[in-house]
Amino acid sequence: MPCAVLFLCFLMLCAFPAAQMNKTSAKPDLSHSQVSEMVMRLYKLTLSVIRDLPSYDDQNFHLTVTEGGDYILKIMNTEDSKNPALIQVQTHAMTILHQHGFPVQTVLPTTTGQLMSLEDIECGFGCQKYLVRLLTYLPGITISKVPYSPQLLYETGKTAAKIVKVLQELEHPELSLLQRDEFKWSLLNVPMLEEYIYVMNGDPIQEVVKSVIQGYKTSVVPARASFRKSINHGDLNDLNVLVQPDENDGYKISGILDFGDMSSGHCVYDLAITIMYLMIEHPKPIEVGGPVLAGWESVLPLNKAERHALYLLVLSRFCQSSVYARYSVLLQSENEEYLMITSKRGIQILRHLWELGHTQVERVWFQRADQYCDRK
C-alpha cells in the first residue's frame, strides 16, 4: 500500500472516535421515566403507554395518555436544537398545510403556551440541550407496508405536487433559513457526496456513484436555472407517508410526516425523491415512475428541463441514501439495521437503472405516465 494511502487511513482512524462521540452525543437517548416526567411537567399529561419509534437523528415516541388520546413526542438532536428558528419555520409550514386540508401533524403548546421547549437533559453524555415538541397523532400505517396499486402511486404523486404548490407561496420572517447551503440531503448539494464516497471503497457501486455525481455536475447543474423554485419537503419517503383502507378495497393517504428536511430548492426535487423511495418496496421498481409522474403532472406539469433531469435526480437521491447510510453506520454501528433499510435494496435498483440508461428509463416513465392518464 503506498505511503500516502497509509497516511490517509491513519488520519481517518484518528478522526473516527471523535466523530463517533459527537454523533452519538448529538442524538438524544431519554429513558421512559424521563419522558413521563417531562410530558407531565410541560403538558400536564399522564402517560399510560410509551412506544419507541425509529429515527435517523432524533428520538421519537408514540404516547398514549390516560386523559385520552395519542401523541407523538419528538426530541431533536443537539445540533438541530441549536437552531430553534428553523424549527419554527418547519412548524409554521405544517400549520399552513394543515389549514389547506393536508393530513399533517400540528404542534400542541406547552402549559405556558410555547410550541417547543428547550430542555436540559442528561442522556449519559453530560447535561445537553434538546428541543422538545408534542405533535398530534395521525392514524394509519406507512405506505411501505401495503401493495402499491397504480392508483395509490398516482395519488401519492398528486399529493406531493399539491404540497409543493402550497410551499411555493410560503411566507415567514425567517424563511431565508431554509436556504440550507450546507445541508447534505438537499438535491442542490449532490456534489457534497464526494466528501463521503470513500465509505464505498471496495464496492463496485462506487463507480456508478461517481458517474452519477459527474452527470449531475455536467447536466443538472447547468439546467437548474430553468427549474421552478419552491420549498421542498425533502423527505417524502415510504416511511413518511401514511395510508388507511378506502371504500374501494384500496388505500388512501392519511398522513404526511417529518418536515425536518425542508429546504429551499426546486419543485422537481420532491418528485424525484418520491419516485426514488417508492421504488424501494415495489417488486418491479421501474413501474413506479409512470403513475407517480402522472399524478404529479396532473397538478404541476414538468417543463422540458425538469423532464430531462428527472432520471439523474432520482439516481442522485439513491446515491445520497446509499453513501450517507454507509457513513452513518460507521458512526452508529448499533443502529445498522435501521440505517441500511433503504440502502441495501437501493443499491440494487441504482445499479439496474444505471444499466438501463437514461433514454430507456425516461421512455418507460413518460410513456406509462401518458398511458395512465389516457386510462383515467
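Higher on the page you've got the structure.
Each chain has its residues counted from 1, following the order in which its sequence is written. The predicted origin of the model limits local features to residues at a pLDDT of at least 70 and limits the giving and counting of side-chain atom pairs to 80 or more, whereas totals for whole chains, interfaces and linings rest on all residues. The basis for every side-chain value is the complete set of heavy atoms in the structure, and neither hydrogens nor water enter the calculation.

Draft legend 1. Spatial organisation of the environment of Y277. Helix and strand definitions here come from DSSP, where helices need a minimum of 4 consecutive H or I residues and strands a minimum of 2 consecutive E residues; each element is numbered from the N-terminal end. Topologically, Y277 is positioned in helix α7 (residues 267–280). Burial classes follow relative accessibility: with a 1.4 Å probe on protein chains only, a residue under 20% of its type's maximum area counts as buried, one over 50% as exposed, and anything between as partly exposed. Residue Y277 is classed as buried on the basis of its relative accessible area of 5%. Distance from Y277 to D235, taken between C-alpha atoms, is 9.0 Å for residues 42 residues apart in sequence. Two N or O atoms count as a polar contact when they lie within 3.5 Å, although within protein this holds only if one can serve as hydrogen donor and the other as acceptor, and sequence-adjacent residues are included solely when both atoms are side-chain atoms. A polar contact of 3.4 Å, which involves the side chain of Y277, links it to the side chain of R317.

Draft legend 2. Inspection of the pairing of strand β11 (residues 263–266) at higher detail. Side chains S263 and G265 of β11 all project onto a buried face; the interleaved residues S264 and H266 project onto the opposite face, where all are buried too. Two strands are said to pair when DSSP picks up at least two bridges between them. Bridge analysis of strand β8 (residues 229–232) against β11 gives 4 bridges, and the strand direction is antiparallel. Directly across from K229, in β11, lies its bridge partner H266.

Draft legend 3. Spotlight on helix α2 (residues 32–43). Between its first and last C-alpha, α2 extends 16 Å over 12 residues, near the 16 Å set by a 1.5 Å rise per residue. Within α2, burial applies to V35, M38, V39, L42 and Y43. Buried residues of α2, viewed axially, fall in a sector of 100 degrees; they line one side. The criterion used for residue contact is that any of the two residues' heavy atoms lie within 4.5 Å. Structurally, α2 contributes buried residues whose contacts are with β1 (47–53), β2 (59–65), β3 (70–75), β4 (107–108), β5 (117–122) and β6 (127–136). K44 sits one or two positions beyond α2 and adopts a positive phi of about 55 degrees. One fewer than the residue count of a helix, multiplied by 1.5 Å, yields its expected span. Think of it as the arc spanned by the lines of direction from the helix axis to the C-beta atoms.

Draft legend 4. Broad picture of the environment of G260. As for its placement among the helices and strands, G260 is situated in the loop between β10 (251–256) and β11. G260 sits 180 residues away from D80 along the chain, and the two C-alpha atoms are 9.2 Å apart. Non-local contacts of G260, meaning those with residues more than four positions away in its chain, are made with Q90 and R180.

Draft legend 5. Region of interest: the pairing of β1. Examined bridge by bridge, β1 and β2 share 6 bridges and lie antiparallel to one another. Paired with L53 across the bridge in β2 is N60. Connecting β1 to the antiparallel partner β2 that follows it, the hairpin turn spans 5 residues.

Draft legend 6. Region of the structure containing the sheet that holds β10. Ordered in space as β7-β9-β10, the 3 strands form an open sheet in which the pairing is antiparallel. The sheet is open, and its two edges are formed by β7 (141–142) and β10, each paired on a single side. With 2 bridges joining them, β7 and strand β9 (residues 241–245) adopt antiparallel strand pairing. By the bridge assignment, T142 is partnered in β9 with L242. Only C-alpha atoms enter the line fits that serve as axes; for helices the fit covers just the stretch in contact. Angles between N-to-C directions range over 0 to 180 degrees. Against the sheet, helix α5 (residues 150–168) touches β9 and β10, its axis set at about 30 degrees to β10.

Draft legend 7. Region of the structure containing the packing of α5 against helix α8 (residues 289–297). At a minimum axis separation of 6 Å, α5 and α8 run at an interaxial angle of 40 degrees. Taken as axis vectors, α5 and α8 run oblique relative to one another. Two packed elements cross with a definite hand, and for α5 against α8 that hand is right-handed. Where α5 approaches α8, its residues P150, L153, Y154, G157, K158, A160, A161 and V164 are matched on the opposing element by P291, V292, A294, G295 and W296. Geometric relationships in this document are graded by angle, where less than 35 degrees denotes roughly parallel, more than 145 denotes roughly antiparallel, 65 to 115 denotes roughly perpendicular, and other angles denote oblique. Left-handed is the label given to a crossing in which the near helix is rotated counterclockwise from the far helix by less than a right angle, and right-handed is the label when the rotation is clockwise.

Draft legend 8. Seen up close, the pattern of salt bridges. Salt bridges, as used here, are contacts in which a Lys or Arg side-chain nitrogen is within 4 Å of a carboxyl oxygen on Asp or Glu. Taken as a whole, this structure holds 11 salt bridges when the rule is applied. The shortest N-O distance in the salt bridge between E37 and R41 comes to 2.8 Å. Placement of the pair is E37 and R41 together in helix α2, with a separation of 4 residues, close to one helical turn. In this structure, R307 and E297 form a salt bridge, with 3.5 Å as the shortest nitrogen-oxygen distance. One end of the pair, R307, is in helix α9 (residues 304–331); the other, E297, is in helix α8, and 10 residues separate them in sequence. Taken together, the shared-partner salt bridges connect E37, R41 and E119 into one network.

Draft legend 9. Looking closely at the side chain of E306. Residue placement: E306 occurs in helix α9. Taking relative accessible area as the criterion, E306 reaches 0% and is therefore assigned buried. Not counting the four nearest positions on each side in its chain, E306 is found in contact with F227, R228, V268 and P301.

Draft legend 10. Examining the packing of aromatic side chains more closely. Think of it this way: a Phe, Tyr or Trp ring, Trp meaning its six-membered ring, pairs with another when their centres are within 6.5 Å, and the plane angle makes it stacked under 30 degrees, edge-to-face over 60, tilted otherwise. Inspection of every chain in the model, using the stated rule, returns 5 aromatic pairs. Judged by centre distance (5.1 Å) and plane angle (65 degrees), the rings of W185 and Y324 are edge-to-face. With W185 in the loop between α5 and α6 (205–223) and Y324 in helix α9, the pair connects residues that are 139 residues apart, well separated along the chain. Just as W185 is buried, Y324 falls in that class too. Pairing Y196 with Y324 gives two aromatic rings, centres 5.2 Å apart and planes at 90 degrees, and the pair type is edge-to-face. One end of the pair, Y196, is in the loop between α5 and α6; the other, Y324, is in helix α9, and 128 residues separate them in sequence. The buried category is assigned to Y196, whose relative accessible area is 16%. Through pairs of rings, three or more aromatic residues link up here, namely W185, Y196, Y324 and Y327. Put simply, a charge is over a ring when the Lys NZ or the Arg CZ is close to the ring centre, within 6 Å, and near the line of the ring normal, within 35 degrees. Taking NZ or CZ as reference, K184 lies 5.3 Å from the ring centre of Y196, over its face. The ring of Y324 has K184 lying over it, and the distance from NZ or CZ to the ring centre is 4.7 Å.

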